[in-house]
Amino acid sequence: MARRQFEMTGGPELERALLNLSTAIAKRIGMQALRKAGKPILDAYKAGTTVASGALVENEAMGPRSRLNKRQKRMTPKPSPREIEINIGTADPAGLQEELGLRQDANPALTRAWDAQGGQTAVNTIARELGAGIERQARRDGRR
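Residues numbered from 1 in each chain as written. Predicted model: local features only at pLDDT ≥ 70, side-chain atom pairs only at ≥ 80, totals over all residues. Heavy atoms only, no water.

Looking up the protein in an unreviewed UniProt entry gives the name HK97 gp10 family phage protein, with the organism given as Novosphingobium album.

What follows is the structure, given as structure tokens:
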């Protein structure tokens, strides 16, 4: 896969502002920004998935945790307290077959969704939402 680079203006200022907040508040603001940027990608993914049973579409979700078993959790390095991650996709094993076409024709719905709604658009949404969240928190702190 080709390497892609995205630009975000105001990154250092956002980082400094987030570091001045408590860890819980910074994580909440970050998670809200990631969810807002991920929602259009998930919607486009759901619209592009073609499964007769509908079980794949029901299992498509966006969430903070990946589904790892105990052994995989032990092997995965623990993230830092200020690190957040969000996964967009499906928990259904048929999702990989649908995306890559292992025993059927490929239907790369998530790839098309990322190309349409992800990339620089998602980075811009994250930056905008982080800035708005930090400003809201500053107003809250000013009222106290």
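Draft legend 1. How the structure looks around the packing of helix 2 (residues 23-48) against helix 7 (residues 120-143). Interaxial distance between helix 2 and helix 7 falls to 9 Å at its minimum, and their mutual angle equals 145°. When you trace helix 2 past helix 7, the crossing you get is right-handed. Across the interface between the two elements, Ile25, Arg28, Ile29, Gly30, Gln32, Ala33, Leu34, Lys36, Ala37 and Ile41 of helix 2 pack against Ala122, Thr125, Ile126, Glu129, Leu130, Gly133, Ile134, Arg136, Gln137 and Arg140 of helix 7. Considering only residue class, the contact of helix 2 with helix 7 consists of 10 nonpolar, five polar and five charged. (Axes fitted to C-alpha atoms, helices over the stretch in contact; angles between N-to-C directions. Helix = DSSP H or I, 4+ residues; strand = E, 2+ residues; numbered from the N terminus. Left-handed = near helix turned anticlockwise from the far one by under 90°. Contact = heavy atoms within 4.5 Å. Nonpolar A, V, L, I, M, F, W, Y, C, P; charged D, E, K, R; others polar.)

Draft legend 2. Spatial organisation of the pattern of salt bridges. For the structure on display, the rule yields one salt bridge. Here lysine 39 makes a salt bridge to aspartate 43, at a shortest N to O gap of 3.0 Å. Taken together, the residues lysine 39 and aspartate 43, both in helix 2 and four residues apart, mark about one turn of the helix. Overall, lysine 39 belongs to the partly exposed group, its relative accessible area being 43%. Using a relative accessible area of 37% as the deciding quantity, one classes aspartate 43 as partly exposed. (Salt bridge = Lys/Arg side-chain N within 4 Å of Asp/Glu carboxyl O. Buried < 20%, exposed > 50% of the residue type's maximum accessible area, 1.4 Å probe, protein only.)

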